[in-house]
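Topology and contacts: notes
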Amino acid sequence: MTAITSSRGNTEVVSARRTESHDVPDIINLISNSTKTTFGRINVTYLLEKSNLAVTLSNEKKEAIAHALFLDYPNWNITDQSDWESFLHENYINNKCTPLNTLFLHLFVAREEYAAGCSQEIVSSSVAPNRFVSFADPALGNIFEEMTTMPGSTVDPNFTLLGCHRHQYCPQLYVRKARLEDHDDLLPILTCHSETLKEIYGDYFLADLLETQDEENQAVVGEDGGTAVGFMSLCSQVNISLLHECFDLGPFHGLCKPHPGDILKMPQEPNFQEGIYIIECCIEDEVRISRFQSKESEAPSLSGILPEERKDGVNTVSHTELPLDDVRGKDFKFSATPVLETEEEDAFRPVYRGASNAFCIRLFCIDEKHETRQVWRNSYFSILCICFQDKDFCIIVVPHLAPEFHLIQSFVRVVPFSTSTFNHELYVFHRAGLLKKCAYILFALQDGTPVQAFVAEALDQIVGISVIKDEMDIEYIHSHYNIEDFMHFYHHQREEHGHLYHFVLNPIFHHYTKHFLKEILRLAHKSSLYYPVYPQYVEGKFQNPCAHSLTSALHYMVPVRPRRQIVYPLEELGINAPSEQVSKDQLGYALNYINRKLTLESKVSINTRIVVVGAADVGISFLETLIFCPHLRFNNLTLISIHGLPGKNLPGSKHGRFLINSHCFNDQDYAQMSLCSWVNVVVGKMTGINRAAKYVVVSKGKKVPYDHLVLCTGQQYQVPCPTGADISKLPTNREVARRRPQRYAGKVPSNLFVLRDDQDCSKATRWLQENIVSAEGNVIVYGNTIDIYTTVETLLSLGIDGSRIHLVQPPLSSHVTCLNNSAIESAVEEALAQAGVSVYYESILAEWSEGDHPGRMTWASFTTNTKPFKLHCSAFFSFANRTVDYETFKAINDACLVYDGRLVIDTNFQTNDNSIRAAGPLTKFSNRYFANEWTHSNFSSKEIGFHLAVSMLNLLDPTLEPLSEPQKDVDRLIPLYKGCKIKGGVLPGGYNYLHVSKPEIPMCLDIQLAQPNYIITGEARHGNYFRLHVNEYSMVESITCFSKEPLPVSNYICLYGQHERLLNDLCSRWKEKLITDLYSYFREPWSMAIYHDRFIDLKNELRQILMTSEVRKMTGEGILLFGALKSAVFLYGAKDLLPLFPVAVIAARLSTQTN
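Described below are features of the structure shown in this document. Keep in mind that this is a model prediction, so the values were computed, not measured.

1. Quick look at the nonpolar core
- Counting 98 residues, the largest nonpolar core has Phe252, Leu255, Ile395, Ile483, Ile610, Phe622 and Phe634 as its most contacted members.
- Excluding residues within four positions of it along the chain, Ile395 makes contact with Val238, Leu243, Leu255, Ala358, Phe359, Cys360, Ile361, Leu426, Tyr427 and Val428.
- Core analysis: the second largest hydrophobic core is formed by 58 residues, Leu798, Ile824, Leu845 and Phe1042 among them.

In structure tokens form, the structure reads like this:
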């Protein structure tokens, strides 16, 4: 914050921030006649949308007193935006403007008396670049200076070019070698940053550093006004061998000098299957990506610094090198090999025999007032020349938990190996890392479509390449992704949307990625770039000539959330049906995005090691929330899972139909998230937790270190444990119930299936198709959960005759059945009987035998309340015992985490270890809350995962305001989540089942039906059953569908929590007997508005409008309501639904809710 003085002597304390869309009215109010004279007539909203940088100064009252908007091309149409650099060089003397250091001022407004001070503050603020230029009258002469034109210049004399150098208002620090006399200036700075150094090394450690400088240990200071304000201690002794063991240094030639004895590749030539590919760019009649050709020139100073130089002049780029910083050990989209637990012991690593080519920064500190200056970045060459002229690389290691500081923003993060336990992050900077010339453009054609290719140059060598096309599917993107979180879509022309196909940049220049992207946008006359990441099951996508190569720009783009889609009844809608671009089915992909504004917005890097154990819905929701934070970049997210990431099934696959669907995530959702692009995956099972050393032990004793551990393993079906009863003695259930063992410890038969996830289901499907479908033998399904019914239906759909299927149900543990609906249960039982499936009730597994087939179950026996029975068995599916996995329990218990039937947590997800959080069915609330009936199992797993991520963000996100102190005793209440619980699947008879309900403790349906307002249409046995419950507050509380026809599940979920009057006076119409079929009722055109993903925003907007006093006095005027509704519809991008809105009805319904 800075104090500025007005021309009248008044003082205001102001702070600089990014301009937001809500500032537009304030900007317009500050526009004066002189503003129009200087900048012309402008559309502020449009200009703000297209600006690269927009800065607002606000006072302590949060009032905006000044604004400035900058773009990367001139503000008057005197030259093409792609050609302004040459225009300035041809027409102006001593012009040093380049795209890297220059922005053009397109608008400046301020309160008149504060204009001078505000302009200087904006220039010197940390969010600004190094140089500003403005084409305008010299109305800003207090900070801008007129630039001299060349003789014979062709510039219009009505325009004047004004320039402002930032260093005139924010001087750069003078960098020099440190002297002993600097001790007194530097000691307070070091002391205020940390007392640890003083405690470890004594009172005179700084004096020792300054006094003992030699060829290997040197120090430099940054000086301002004769006072040392910054200090950097450097050392040329680097433990290269340790870094080789822990980090992938291949892109930096191992931080060693080139040597003839270097072994850079395996003896045999690598191929794509081994994880190596070559990118080739040949721009002639077409552009194709298969090889990246570099110049074999005599360019100095870059020899040996490109990734790996080949004899044939082709730079081979490692598969693990380009996507983010590295994807080694990651389940990336183009990974040709399966993800391993950790790196193989014999995995090839390059051998470097050359001398060390790096020095390190041992100690760095700078005064807080000078921290944001660009001194260390701009003076880097000076430091290198002064200290270590024979070294090319500078490295720095920082603790994982250390917040990001300005110095390392110019460094490149080195990705650690998956086996690394090194407790610091490594950053690297090369002396050639200051890119001088950014890009130029080449054109070509591919299949008649214009292609634009760009390259980045440094020291006469090509160090980067990018290929883009026009985005031809922008309507689909707009309707399927929330790109309006980052842009106002209707301010961008169709031709301004670009599609990024390829982007490769030498690793030492990665910190210039955003500048390269900014130049691509300017030179191509684009305002936005889109980059899709396709799911793993897209086979051959990499070999396709139209495919997208891995991009090193992904970390600098923002992932875009997908939009929930309406399932349209196209026939019923008729002419009101949406366009084909909106409703067409297309392969889902994860979308990444960048625009002009985002190129100058830095993400906050978070290096904290967050390890998530378990890939269930809670863990996936947690990771999804973190990766979709557009202003944060999590570098160390790790997932430990037995089968890796979910979502690998092909579209339309029936593998997942064995298990009931929670509808939290489906394969399309996983494809649109692309977690494999952001999350390290360790395939294995957690077997131990070392809380003291902070690491998790996975299968085969491998260690995964963490700073924060999140346990989301949930509960799984376990191998059933027979009671061991001898059925020859005719025992009953009463006799064997007391001696039932807790856990099966023997060898599991190969034909016994315990399904926990889609991978288990896929494995079971393949086994059944190979061994059962075309053979003979019985299949036993054992259990009493709803999964037994979906499994039986899946077996029938695979072609297994119903007479071969035996459904055995053990006694219930409560009076609530899995379906909890007698009408549906009767219909399912009837379908089972028609299919010939044998059903056995109240039966407990007694024993099984392998017979003449070792390792396979051949028969199983069961006890009942009366007479035991025995069944021959070719396959056995068990859904009888769902609990916490034994290995998980043992790891938790051995780590001395409090376990009481489940892992005990508080209301903030914390266990008795502050570094370990847990959520989901694995957990229970502490007994001090006196709420043992309520656990996370009662709530939506997706909502639980979201709140878990929010609790983590409160610790890690530096942009969040500090949390206020909670009210007294509030922490004694468990949180009540509001999201609905969903389960759905296909039951025997081909019935599609869906049940949506509020979070609740299960109770019998008969008790629930005693409550009023149950609306039921159709009959279960006819396959048209629809039950809907409206509570005492007229809100939809539960939905049950049982139909022969496919269900638009996403549509029906939107009905939950809606007021019945919003559903076209549902209760009133039901009482008047106007509704006979809820299925057709919710297919009517009016209901499409309810299903729209932005309907909740529209509803809130209209409620706010209706709550204002002026509007409430005028509610009789339909024009006002329609105008408000129409503007809100366009605001939220739902204009296709405008013909479907019953305007008066919705407005009236909303007005009743505001009273």
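Okay, back to it.
2. Topic: unusual backbone geometry
- Phi at His253 is positive, roughly 50°, even though this residue is not glycine.
- Among the secondary structure elements, His253 is positioned in the loop between helix 9 (240-246) and strand 12 (276-277).
- Judged by relative accessible area, which is 8%, His253 ranks as buried.
- With a phi close to 60°, Cys896 is a non-glycine residue in the positive phi region.
- Relative to the elements of secondary structure, Cys896 occurs in the loop between helix 22 (886-894) and strand 44 (903-905).

3. A closer look at the packing of aromatic side chains
- Across all of its chains, the model carries 35 aromatic pairs by this definition.
- Ring geometry for Tyr717 and Phe879: centres 5.1 Å apart, planes at 85°, overall edge-to-face. Remark: Phe879 occurs in strand 42 (residues 875-879) and Tyr717 occurs in strand 34 (residues 716-717); sequence separation between them is 162 residues. For the residue pair Tyr717 and Phe879, the accessibility class agrees, reading buried in each case.
- Chaining the aromatic ring pairs together yields one cluster made of Phe1026, Tyr1052, Tyr1079, Tyr1081, Phe1082 and Trp1086.
- Across the ring face of Phe417, the terminal group of Arg349 is positioned such that the distance to the ring centre comes to 3.7 Å.

4. With respect to the sheet that holds strand 45 (residues 916-918)
- The five strands are arranged 29-28-26-33-45 in an open sheet whose pairing can be described as parallel. Only two strands of the sheet have a single partner each, and these edge strands are strand 29 (680-683) and strand 45. Neighbour to neighbour, the strand axes of the sheet diverge by 20° on average, direction disregarded.
- Bridge count between strand 33 (residues 708-711) and strand 45: three bridges; the pairing is parallel. By the bridge assignment for strand 45, Leu711 is matched with Ala918.

Criteria and cut-off values
Residues numbered from 1 in each chain as written. Predicted model: local features only at pLDDT ≥ 70, side-chain atom pairs only at ≥ 80, totals over all residues. Heavy atoms only, no water. Core = buried A, V, L, I, M, F, W, Y, C linked by side-chain atoms within 4.5 Å. Buried < 20%, exposed > 50% of the residue type's maximum accessible area, 1.4 Å probe, protein only. Contact = heavy atoms within 4.5 Å. Helix = DSSP H or I, 4+ residues; strand = E, 2+ residues; numbered from the N terminus. Phe/Tyr/Trp six-rings, centres within 6.5 Å; stacked < 30°, edge-to-face > 60°. Lys NZ or Arg CZ within 6 Å of the ring centre and 35° of its normal. Pairing = 2+ DSSP bridges. Axes fitted to C-alpha atoms, helices over the stretch in contact; angles between N-to-C directions.

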